[in-house]
Structure formats: C-alpha cells, structure tokens
Amino acid sequence: MVGFQKWRRSESAQGLFLISPTLGFALLLLAVPLIMVVALSFWTQDYLTLDRTFTTANYQTAWTEPMYQYLMARSLKISIFVTAVTVLVAYPVAYFISFHVVPKRKAMWIFLITIPFWTSYLMRIFLWKVILGYNGVINGTLTGFGIIDEPLSFILYNQNAVVITLAHAWIPFAILPIFVALERVDRSLIEAAEDLGDSGIRRFFRVTLPLSMPGVIAATIIVFIPTIGDYVTPRLVGGPNGLMISNMIELQFKKANNAPLGAALAISAMGIVTFFALVFLWMNRKYVRGPS
Amino acid sequence: MRGKIGFFKWFIGFFLLFLYGPAILLPVFAFNASSIVSFPLSGFTTEWFSVLLTNGTLHVAARNSLLIAVTTAIFSTLLAVLAARASTRFSFFGRRSIMGFVMLPMVLPEIIIGVSLLVVIIQMGFELSLWSITMGHILICTPFCIAILSSAFMNLDKSLEEASFDLGQTRWNTFWLVIFPLVMPGIVASLLIAFTISLDEFIIAFFLAGTEPTLPVYIWGQLRFPAKLPGLMALGTVLLLVSIGLLLIADFFRRRGIRKTGIENTGGFL
C-alpha cells in the first residue's frame, strides 16, 4: 500500500495520468479501428453479408490480380517520383533561406512558404487541372502565342500531372525539416573546410550535405508515406491512366461493396510503404541519429 | 560566386511562381466575368460572390463545417495540452512510444484513417453523422496541436513553477496562475491551427459523411459541374482569406508567446 502511495506521487505516475485521456482517445479511435481493418481484411463479404471465417483470399487477390499489382506498382512509382522531385526542389529553397536570407527575415520567408498550403486543398488541386489542362493556363497561353500548335501532351491528365500537383502540395512539409537541419549546421565547420582549401562544391558535399541529412531523411519520410494514399489528385488530374491505389480502395469500400478486399488493399499499401521507408532509413542509418 | 547567386535568384523566382500559381489564379477567376474557368479573361464581375450569398445548400454545409471545426479545435487542443504537458514536464514509462503513437496520424495517409473509422462505425452499427467526422478530425488535429503546444510547454522555466510552490500555492493554482498564462498564446495558436485544418479536411469527411455534407464535401460534389466552377472560385477566395487571416492571428499569438518566455524567435509554424 505504501509502495502504491509512493508510486502515485512519482513523476512516472503523474505523467501517465496526465497523458491517459489523449492516449485513451488514440487507442480507441486509432488502434482499435486499425485492428478492425486488419481483421476485416481476413474476412469475406458477399454483397451485404459478412463471413467471419479466417481466409487469406483477399490478400491473394490483392497480390496476384494484375490490375491490383499494376495499380500498386504505379502508386509506388508515383510516390517515389513525387518524393524525389519534392526533396530535390525543397533542398535548394531551404538552403537559400538558411544561408542567403538575413536572420531577421527567415521567419517571414518560412511563413511565405506555408501560406499557399492553406488554400483550400480541393481548390488547389483543381486549379492545377486548370493550369495544366487541355485549354489550361500553360497550353492556352502557348497555343495563343503560336509557340505550339498542339497542347503539350506530357502534362495532360496523366501521371506527370499527378507528380507536379502532389509535389506542389507537399513542398512546404519538405522545406521545413531541411531548413531546421541546415540551421543547426555549425557555420564554423564550413569555414574550417574553406580554410583547409576545399572548394565550394566540395565543402557542400563533404560538410553541409552530410550534416543536413537528418532533415533530408525526415522530409523524405514525411512526403513519401502519405503520398501513396492520395485520393483527390489522381481523380482530378490523373486521367484514366493516372489513378492510384486509394481510388481502388475507395471503390471497393463504396460502389463495389467489397470492404474486406478494400481493407486488404489498404493494409498491403501501408505494408509496402512501411517496407520502403524502413529500407530507406536503413540505407541512411548513419545519419538517422542526428548530431544532438 | 556571382553566377551562383544569379542561379539561386532564378531558381527561387520560379519556385515562388510554382508555389503561388494556384493561389494567384483563384481570385483571378473569381472576379472573371466569363462562366468558363480559362484564359483569356473577359472582364470584371462580383457576380460569383453574390451567388454565394443566396446558395442555401452551401450555407448548410458551411454551418456543418464550422460546427465540426469549432468542436475539433476545442477537443484536440484539450487533448494536446495534456499530452504536451505530460511529455515535457514528466518522464514516465514508455513516454517515447506513447508520444510516437499519439503523433502517428500526422504521417498516416488520411485514407487509412477514414477507412478504419468507417469500418468501426459500420461494424458497431452506429450511424454516420457530423459526430463521426468530428472524431476523425480530432484524431488528425491533435498531433499538430501537440507539436505547437510542446514547444510552448518546453519553453517554460521550471523554476517559475517551483517558486510558486515555495510561495505556498497549490498544484492547481500554480497551473492556472503561472503556467496557463504563459502557454496561453500557444493554446490560441493550437485552437486556430486545428480549426483551419478541420475546416479544410476532405478525405475523412468524404468517407464518414452521412447525409450532411461539410464544406469540402460540398465543393467536391460541385466540381463535376462546369457551370458551378466560377462560384467555387469565389468560395475558394473567401476561404483562402479566412485561412490567412486566422494564420496571421495564430502567428501573432505564437510570437507573443515567444516574447513572453523570453526566447529568441527562430522560425515559423509546424
């Protein structure tokens, strides 16, 4: 009893007590639902009746049927492209803000970069359709000036359009962690490299880039994982060949009335993304634990 | 060296154009007199804004969204205050894994959250309603609120609290008289961020909406009809202004909080 009394007043107990509502909410609305999705993916549904006998049939369908294989591979490919484009564009921007903007203005620049992110999500994606589309801003202007006769087809309702639109949506999330990592880079180390005779490019690749890798890794993970689950972008700008796995998941849950297959597809997609993220982290394991 | 700076200027210029392209086009088309959303522009009109004022379905959707956003803001901030305080002030068993789990919705694709909540609601035999959407929104907003509030609580000087105890205040009084005023700006910022995220959230609302649409669900339904597009552009413009306004207020409070705790301003949101 005395021991319990003592434990109740300890830091550990106070902390756990304080966090219990938040944890309880997350257990109830995140852990339980996720477990139920996993369970559902091993059941079968015939029109409206649910058969609760354990089966891996849904996973067999999800992994062997060419249509699902194809959609999954395409989603993964698009996610990887989006992540690569986003991080490659974000790095120079973060570098510019960290190294070329006066310290007083840095907060303003970061704010400037986050503003477009607060445009209505749907409208933002739709406007990319307006920009890239058949009579869109780019093609309309170029044909209007007689620069091209036919609309540029490589940005027209296809996977490139999806990549551009998604990269635009995620760029602030990539810039911020890279910026934070670059801010932490000790400037005297770069000066030391300079004094020791390293050229600008060598300095960058031997000092600045390795030290900012934790930010690059964070940005990669933050962009890569949610991108595979995007639903709206493929629907609005992807055209018939740009659809992704989420569109199929939604179809299975709603119109096709096959929630178990939808669940199996969702779990498979998450599994694949997690696998790739872990491989990526493992490849960069020497940078994952930052200098702190 | 000059060449390098020149390259950077061009790069940043193109980047800003890319970044702001959609946001600039929104008001352009909202005030464009043509009912087709494309160039060339045909003249100035405020007609599309007046259409918004008389649209009953839109008003219902907007009211639903506001209701959800306010509830979400309050509850996710409450949950986040508890989590942020617990994780910054106390060290307890499994702190890192508990916090990691609570922050998980930040990186999970929203469609996974939408689908899993849908499964639970249907399996448990509940009806889809505004409440189901609100629950989903609290779940995804809480991590953002924790991120903001953690920095607010982390900047607190522990000695202030100890001084209050030494001067004979109870734990409860110390929280309300010392800690709360100091983290107040963080709380306001957290409320506003959660409100803004909830107001704009589509995927979860799309999966969990019963018969009552939220604003984004309404917009999604209208995007199919070309005739409705200019009106949507006007609506998008209004929403953009509201979001920016709220964010400026949130940022103001965040800065004030930083000044109060006496720490140098180092960056922006998120």
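Worth saying up front: this structure is predicted, and the values here are computed from it rather than measured.

Turning our eyes to something else, we now look at the overall build of chain A. A tally of helices and strands in chain A yields 14 helices and two strands. Rg of the C-alpha trace for chain A: 24 Å, well past the compact-globule value of 19 Å for 292 residues, more than 25% over. Within chain A, contacts between residues at least 6 apart in sequence are counted, and of these 67% link residues at least 24 apart. When the accessible area of chain A is evaluated, it comes to approximately 14400 Å², of which 66% is carbon and sulfur surface. A distance of 8 Å separates the average location of the 22 positive side-chain charges in chain A from that of its 14 negative side-chain charges.

Further remarks concern the nonpolar core. Looking at soluble globular proteins, one finds that nonpolar side chains tend to be buried together. A:V232 and B:F202 are the most contacted members of the largest nonpolar core, which has 177 residues in total. B:F202 has contacts with A:Y121, A:L122, A:Y231, A:V232, B:P216, B:V217 and B:W220, leaving out every residue within four places of it along the chain.

The N-to-C vectors of helix α2 (residues 11-41) of chain A and helix α3 (residues 56-89) of chain B enclose an angle of 150 degrees; their axes lie 8 Å apart at closest approach. Between α2(A) and α3(B), the angle is such that the two are roughly antiparallel. In this structure, the crossing between α2(A) and α3(B) has a hand that is left-handed. Judged by residue contacts, A:E11, A:G15, A:L18, A:I19, A:P21, A:T22 and A:F25 of α2(A) engage B:L79, B:L82, B:A83, B:R85, B:A86 and B:R89 from α3(B). Classifying every residue of the contact of α2(A) with α3(B) by side-chain character gives eight nonpolar, two polar and three charged.

As a further point, take helix α3 (residues 57-64) of chain A. Residues and elements named next belong to chain A. Where α3 is concerned, the buried positions are N58, Y59 and A62. Each buried residue of α3 sits inside an arc of 95 degrees when the element is viewed along its axis, so together they form one side. Structurally, α3 contributes buried residues whose contacts are with α2, β1 (44-46), α4 (66-100) and α13 (259-283).

What follows covers empty space enclosed by the protein. Residues and elements named next belong to chain B. Under the defined criterion, the tally for this structure stands at five cavities of 30 Å³ or more. In this structure, the largest cavity occupies an estimated 110 Å³ of space. Elements supplying a minimum of two residues to the lining of the largest cavity: α8 (171-200), α10 (215-222) and α11 (229-261). Residue composition of the lining of the largest cavity, by class: seven nonpolar, four polar and one charged.

Looking now at the layout of surface pockets. By volume, the second largest pocket is sized at about 740 Å³. In terms of lining, the second largest pocket is formed by 24 residues, of which the most central are A:L18, B:L82, B:R85, B:W172 and B:F175. Those elements that place two or more of their residues in the lining of the second largest pocket are α2 of chain A together with α3, α7 (158-166) and α8 of chain B. Among the elements that take part in the lining of the second largest pocket, α8(B) stands out by supplying nine residues, more than any other. Tallied by class, residues from the lining of the second largest pocket come to 16 nonpolar, three polar and five charged.

What follows covers a negative patch on the surface. A contiguous patch of negative charge, built from A:D186, A:E191, A:E194 and A:D195, is present on the exposed surface. Structurally, A:E191 is set in helix α9 (residues 187-195).

Now for the interface of chain A and chain B. Every contact between the two is made by 73 residues of chain A and, on the other side, 81 residues of chain B. Interface area for chain A against chain B, summed over the two sides, is near 7300 Å², with a carbon-plus-sulfur share of 83%. The interface formed by chain A and chain B holds zero salt bridges in total. No other element matches α2(A), which puts 21 residues into the side of chain A that touches chain B.

All names here are of chain B. Here chain B averages 84 in pLDDT, and 93% of its residues register 70 or above. Put simply, α11 is where chain B has its lowest mean pLDDT, 80, and α3 is where it has its highest, 93. Note that residues 265-270 has pLDDT below 50 and, in this model, 19 contacts with residues that lie over four places away or in other chains.

Basis of the calculations
- Residues numbered from 1 in each chain as written.
- Chains lettered and ligands numbered in written order.
- Predicted model: local features only at pLDDT ≥ 70, side-chain atom pairs only at ≥ 80, totals over all residues.
- Heavy atoms only, no water.
- Helix = DSSP H or I, 4+ residues; strand = E, 2+ residues; numbered from the N terminus.
- Rg over C-alpha atoms; globule rule 2.2 N^0.38 Å.
- Contact = heavy atoms within 4.5 Å.
- Areas by Shrake-Rupley, 256 points an atom, 1.4 Å probe, with all protein chains shown as cover.
- Lys, Arg positive; Asp, Glu negative; His and termini not counted.
- Charge placed at Lys NZ, Arg CZ, Asp CG, Glu CD.
- Core = buried A, V, L, I, M, F, W, Y, C linked by side-chain atoms within 4.5 Å.
- Buried < 20%, exposed > 50% of the residue type's maximum accessible area, 1.4 Å probe, protein only.
- Axes fitted to C-alpha atoms, helices over the stretch in contact; angles between N-to-C directions.
- Parallel < 35°, antiparallel > 145°, perpendicular 65-115°, else oblique.
- Left-handed = near helix turned anticlockwise from the far one by under 90°.
- Nonpolar A, V, L, I, M, F, W, Y, C, P; charged D, E, K, R; others polar.
- Arc of directions from axis to C-beta.
- 1 Å grid on protein atoms, 1.4 Å probe; cavity = no way out; pocket = protein on both sides within 12 Å on 5 of 7 lines; lining within 4 Å.
- Points joined across faces, edges and corners; volume = space filled by probe spheres on them.
- Patch = residues over 30% accessible without salt bridge, like charges linked within 9 Å, V, L, I, M, F, W, Y side chains within 5 Å.
- Salt bridge = Lys/Arg side-chain N within 4 Å of Asp/Glu carboxyl O.
- Buried area = accessible area lost by both parts, 1.4 Å probe.
- pLDDT = per-residue confidence, 0-100.

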